[in-house]
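One letter stands for each residue in the lines below.
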Amino acid sequence: MTRKRASILVGVAVTAAAGLGAGLAIAATSGSGTGHSTVATAPGSPPYSYYHSMMGSYVGGTSMMGGSGSNQWMMGPAGYRWMFGGTSPPAWMHGERLPAGMMGAGTDPGQVMGRLWASAPGPRVSPGQAIALGSQVPAGARIDRAARTITFTTGGVHLTAVASPAGGPDETFRIAGIVNPTITVPAGAKVSIQVINADPDTAHGLVISASSGRSSWMPVMTGRPVFTGSALWFLGNPTTAGMHTGTLTFTAAMPGIYHYLCPVPGHAQKGMTGTFTVSTS
Ligand SMILES: [Cu+2]
């Protein structure tokens, strides 16, 4: 595909996507202005443009997938939703087959997506910042390291979760220096969770779910985000430019015992999950 042809297609697709409105919103809140998730959802945004230029190499006429085959839909808004999700999980996260041309050397969905989104635009942090953020004690939190609990009694909750950091168990989250802590917040709390993907070769995300995901390879098939905006579907691999980061923001409206988990297939089962409790008091 020529560069000119590609840019025309992008223009058409962006125009078509503009009509989809909030359907593309991943974290369907307006408060997380700096979040990767929010930025990524806007048609015409840098991540959306990145998606089209990336897909051009897979779906374009010179690629192994051909320009008019069954995968042509990948270039349009439907493909973007397939890849990045709307308010529901991306299709590749619940078992849809990845197009052959995107498989590369591996077939692990998290590794495929990590590679594809490694150079995506959006906020990043340095490895040093990731270590600092992953170990810092959140304001207003009471920490019990032996019990691995983080408890908030305040209405404003700000956490950083580092996915698969170096020096710890693989496929886990590090929050305030604790591996997969139990987090408790009061009902009605405004919660923001900054997620950083520190894994060199795999995509990760974070979703607040009703189930722990431990019994399912694809927990997002049955587990939807509990609260509006409580999902960041995935972040690509780090590069020399830094580690991808995004923030999900939501209101912990209903008391209950929930879970945070990585929605990438197999990851919650391997240990990327923890308890998220919304208390009545
Ligand atoms: Cu993961």
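In this text, all values refer to a predicted model and were calculated from it rather than measured experimentally.

Engineer: Explain the overall build of the chain to me, please; I cannot follow it from the model alone.
Structural biologist: From N to C terminus, the chain includes 7 helices and 13 strands. When burial is assessed residue by residue, the chain has 54% of its 281 residues classed as buried. Considering only contacts in the chain between residues 6 or more positions apart, those separated by 24 or more positions represent 70%. Roughly 11400 Å² of accessible area belongs to the chain as shown, and the carbon and sulfur atoms make up 58% of that amount.

Engineer: Help me out: how do you make sense of the coordination of the copper ion in this one?
Structural biologist: Each donor-metal-donor angle would ideally measure 109.5 degrees in four-coordinate tetrahedral geometry, or 90 or 180 degrees in six-coordinate octahedral geometry. Around the copper ion, the protein contributes the donor atoms His204 (ND1), Cys262 (SG), His267 (ND1) and Met272 (SD), at 2.0 to 2.7 Å from the metal centre. For the copper ion, the 4 donor atoms in the first shell make angles of 84 to 134 degrees at the metal, a pattern classed as irregular.

Engineer: How should I be thinking about the packing of aromatic side chains in this particular structure?
Structural biologist: The description of two aromatic rings rests on the distance between their centres and on the angle between their planes. For the structure shown, the criterion picks out 12 aromatic pairs. Note on Tyr80 and Phe84: the rings are 6.0 Å apart at their centroids and 5 degrees apart in plane angle, and the pair reads as stacked. Within this pair, Tyr80 and its partner Phe84 are both found in helix α4 (residues 77–84), separated by 4 residues, close to a single helical turn. Owing to a relative accessible area of 2%, Phe84 belongs among the buried residues under this scheme.

Thresholds applied
Residues numbered from 1 in each chain as written. Predicted model: local features only at pLDDT ≥ 70, side-chain atom pairs only at ≥ 80, totals over all residues. Heavy atoms only, no water. Helix = DSSP H or I, 4+ residues; strand = E, 2+ residues; numbered from the N terminus. Buried < 20%, exposed > 50% of the residue type's maximum accessible area, 1.4 Å probe, protein only. Contact = heavy atoms within 4.5 Å. Areas by Shrake-Rupley, 256 points an atom, 1.4 Å probe, with all protein chains shown as cover. Donors = N, O, S within 2.8 Å, 3.2 Å for Na, K, Ca; no water. Tetrahedral: all angles 85-135°; square planar, octahedral: opposite > 155°, others 65-115°. Phe/Tyr/Trp six-rings, centres within 6.5 Å; stacked < 30°, edge-to-face > 60°.

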